[in-house]
Amino acid sequence: ELLIFSKKKMLELESQITKWETEVTKLKRQHHELKREHASLVAQRSEQTTNIQRLQQKYVETQIRKFGKPVVLEELDKVSYSEGADELKEKLRLQEIQNDKDIEEINREIIAKERALINITAEHTSALDELLSVTSAQLPETFAKRFIHV
């Protein structure tokens, strides 16, 4: 059995075969490059996995050295933060109460000292008035008029 093609058809078929061969060669080249890239990525992944394992081991060793055992830092942060914050809030509240008491005591002292000052001033004023009246009675009238303006 034979197939007969015209020359034009035969050239078209040969051209198509050449295109396909070129495309196959190109695809083989791409496949080879992709295989090489895949091998490189696998090697990088292996290196990264090894690096991650090394860092995790270092992380655990650091925790053991620091805390005496491996700990989950996220849980430690949650516990420490809430307990620490509560402790600080309580200390702050107690300090504010103490400050309020201190301010009240200082205000009471200020009021008492103001009253004492008023009383002392009144006593001194009355003593000066008494001294003035005794002194003005004993001084000659002209001398008293010069210094005492009553």
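Residues numbered from 1 in each chain as written. Predicted model: local features only at pLDDT ≥ 70, side-chain atom pairs only at ≥ 80, totals over all residues. Heavy atoms only, no water.

1. Remarks on the overall build of the chain
- Tallying secondary structure elements over the chain gives 3 helices and 0 strands in all.
- The linear arrangement of helices and strands in the chain, starting from the amino end, is α-α-α.
- Put simply, the chain has 150 residues, and 3% of those count as buried.
- Of the roughly 14,500 Å² that the chain leaves accessible, carbon and sulfur atoms contribute 59%. (Helix = DSSP H or I, 4+ residues; strand = E, 2+ residues; numbered from the N terminus. Buried < 20%, exposed > 50% of the residue type's maximum accessible area, 1.4 Å probe, protein only. Areas by Shrake-Rupley, 256 points an atom, 1.4 Å probe, with all protein chains shown as cover.)

2. Here's the deal with helix α1 (residues 7-67)
- For α1, spanning 61 residues, the distance from its first C-alpha to its last is 87 Å, which sits close to the expected 90 Å at 1.5 Å a residue.
- Positive phi appears at Gly-68, one or two residues downstream of α1, with a value of about 90 degrees. (Expected span 1.5 Å × (residues − 1).)

3. Some words on the confidence of the model for the chain
- Here the chain shows a mean pLDDT of 86. Residues at 70 or above account for 83%.
- In the model of the chain, helix α3 (residues 141-147) stands out as the element of lowest mean pLDDT, 58, in contrast to α1, which has the highest, 94. (pLDDT = per-residue confidence, 0-100.)

4. Focus on the pattern of salt bridges
- A complete count under the given rule lists 4 salt bridges for this structure.
- Between Arg-93 and Glu-90 there is a salt bridge, and its shortest N-O distance comes to 2.7 Å. Here the residue Arg-93 and the residue Glu-90 both occupy positions in helix α2 (residues 73-138), the gap between them amounting to 3 residues, near one helical turn.
- Classification of Arg-93 by relative accessible area gives partly exposed; the value is 41%.
- Note that Glu-104 and Arg-108 form a salt bridge whose closest N and O atoms lie 3.6 Å from each other. With Glu-104 and Arg-108 both in helix α2 and 4 residues apart, the pair spans about one turn of that helix. (Salt bridge = Lys/Arg side-chain N within 4 Å of Asp/Glu carboxyl O.)

5. Things to note about the environment of Thr-25
- The residue Thr-25 is located in helix α1 in this model.
- Taking relative accessible area as the criterion, Thr-25 reaches 41% and is therefore assigned partly exposed.
- From its side chain, Thr-25 meets the backbone oxygen of Glu-21 in a polar contact 2.8 Å long. (Polar contact = N/O pair within 3.5 Å; in protein donor to acceptor, adjacent residues only side chain to side chain.)

6. Overview of a nonpolar patch on the surface
- Together, Leu-3, Phe-5, Met-10 and Leu-13 give the surface a local cluster of nonpolar side chains, amounting to about 410 Å² of exposed area.
- Summarising the element assignment, Leu-13 is placed in helix α1.
- In this structure Leu-13 comes out as partly exposed when scored by relative accessible area, which is 38%. (Patch = residues over 30% accessible without salt bridge, like charges linked within 9 Å, V, L, I, M, F, W, Y side chains within 5 Å.)

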